[in-house]
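The chain contents come next:
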Amino acid sequence: MTKEFVFKYRHYQSKEALSKDDQELLAHAQASMGQAYAPYSKFQVGASLLLKSGKIILGNNQENIAYPSGLCAERVALFYAGANFPDDPVVKICITSQGELMPEESYLSPCGSCRQVLLESQARQQSPIEILLVQRSGQILAIDSVQNLLPFGFTK
Ligand code: THU
C-alpha cells in the first residue's frame, strides 16, 4: 500500500501581505540577522520567536574558528527561550538570511538539526509552532507545524 504525506502552506507575495504582528516579527528577525557573527561563511541568519506571552526572542548564527562549534540562528533563539522562559510556549518563528551562499529567490529553510530542535520544542509545549520563511526578495512562506518540515521525526 502506498501512503502519501501532503501539507498545505501559505504563500505571501510580500511582507505587506502579512499581519502587522507578523511584519513586526519579521523586522526583528532582520535586525537580529544584522548582528550575526558569521565571519567564516559570510552568511547571516536571523531568527525571531514570538512567545505566547507576547515576548519576542532573537537569535542569529554564531560561528567559530573551529567550525562545528558554531550554532545556527534558530537554535540560538530556541535554546535561549528554553533556558529563560521554559513555560512560555513558542507560537511562531521567523527566519531571514543574507549572503552569497544562497540565491535571492531561495527561502532559508531550517537545517536538519534545527528542525529536530524545533520538533522537540513543539512536543515539549504540546502546541504547534508556525514557521515563517522569508525570501530575500520579499516573498514569504508560512508553515503551520514543525511536523510538516520533519515528517517521521524522532520524538517520543
Ligand atoms: N545557518 C543558520 O543559522 N540556520 C540554518 O538553518 C542554516 C545555516 C548558519 C550556520 C552557518 O553559520 C551559516 O548559516 C552557513 O551555513
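Treat the numbers as computed from the prediction; the structure is a model and nothing was measured.

Let us look at the site of the ligand. Lining the immediate surroundings of the ligand are Ser41, Phe43, Val45, Asn61, Glu63, Cys72, Ala73, Glu74, Leu101, Leu108, Pro110 and Cys111. The side chain of Asn61 places a nitrogen or oxygen atom 2.9 Å from an oxygen atom of the ligand. One of the side-chain N or O atoms of Glu63 is found 2.5 Å from an oxygen atom in the ligand. Coverage of the ligand by the protein chains reaches 78% of its 370 Å² of free accessible surface. Classifying every residue of the shell around the ligand gives eight nonpolar, two polar and two charged.

This paragraph deals with the nonpolar core. Counting 26 residues, the largest nonpolar core has Leu49, Ile93, Ile95 and Ile131 as its most contacted members. Every element with two or more residues in this core is listed here: β2 (44-51), α2 (73-84), β4 (90-98), α3 (112-125), β5 (130-134), β6 (140-143) and α4 (146-149). Residues within four places of Ile131 in sequence aside, it is in contact with Ile93, Ile95, Leu141, Ala142, Ile143, Ser145, Val146 and Leu149. Of all hydrophobic cores here, the second largest spans nine residues; its members include Leu18, Leu25, Leu26 and Ile140.

Take Cys114: it is sitting in helix α3. Residue classification places Cys114 among the buried positions, given a relative accessible area of 0%. Sequence spacing of Cys114 and Glu24 is 90 residues, and the spatial spacing of their C-alpha atoms is 23 Å. Once you skip the residues sitting within four places of it in the chain, Cys114 turns out to touch Cys72, Glu74 and Arg75.

The next point concerns the sheet that holds β6. The mixed open sheet is built from six strands, whose spatial order is β1-β6-β5-β4-β2-β3. Lying at the two open borders of the sheet, with one neighbouring strand each, are β1 (9-12) and β3 (56-60). The sheet shows a mean angle of 15° between the axes of neighbouring strands, taken without regard to direction. Where β2 meets β4, eight bridges bridge the pair, whose relative direction is antiparallel. In the strand pairing of β4, Val45 is matched with Ser97.

Compared with the 20 Å implied by 1.5 Å per residue over 14 residues, the 20 Å span of helix α1 (residues 20-33) between its first and last C-alpha is a close match. Listed in full, the buried residues belonging to α1 are Asp22, Gln23, Leu25, Leu26, Ala29, Ser32 and Met33. Packing partners of the buried residues in α1 comprise β2, β3, β4, β5 and β6.

Below, the discussion takes up the packing of aromatic side chains. Under the defined criterion, the tally for this structure stands at three aromatic pairs. A centroid spacing of 5.7 Å and a plane angle of 45° characterise the contact between Phe7 and Tyr9, whose relative ring orientation is tilted. Owing to a relative accessible area of 48%, Tyr9 belongs among the partly exposed residues under this scheme. Centre to centre, the rings of Tyr40 and Tyr67 are 5.6 Å apart; their planes meet at 40°, and the pair counts as tilted. Remark: Tyr67 occurs in the loop between β3 and α2 and Tyr40 occurs in the loop between α1 and β2; sequence separation between them is 27 residues. The partly exposed category is assigned to Tyr40, whose relative accessible area is 34%.

What counts, and at which threshold
Residues numbered from 1 in each chain as written. Predicted model: local features only at pLDDT ≥ 70, side-chain atom pairs only at ≥ 80, totals over all residues. Heavy atoms only, no water. Near = heavy atom within 4 Å. Polar contact = N/O pair within 3.5 Å; in protein donor to acceptor, adjacent residues only side chain to side chain. Areas by Shrake-Rupley, 256 points an atom, 1.4 Å probe, with all protein chains shown as cover. Nonpolar A, V, L, I, M, F, W, Y, C, P; charged D, E, K, R; others polar. Core = buried A, V, L, I, M, F, W, Y, C linked by side-chain atoms within 4.5 Å. Buried < 20%, exposed > 50% of the residue type's maximum accessible area, 1.4 Å probe, protein only. Helix = DSSP H or I, 4+ residues; strand = E, 2+ residues; numbered from the N terminus. Contact = heavy atoms within 4.5 Å. Pairing = 2+ DSSP bridges. Axes fitted to C-alpha atoms, helices over the stretch in contact; angles between N-to-C directions. Expected span 1.5 Å × (residues − 1). Phe/Tyr/Trp six-rings, centres within 6.5 Å; stacked < 30°, edge-to-face > 60°.

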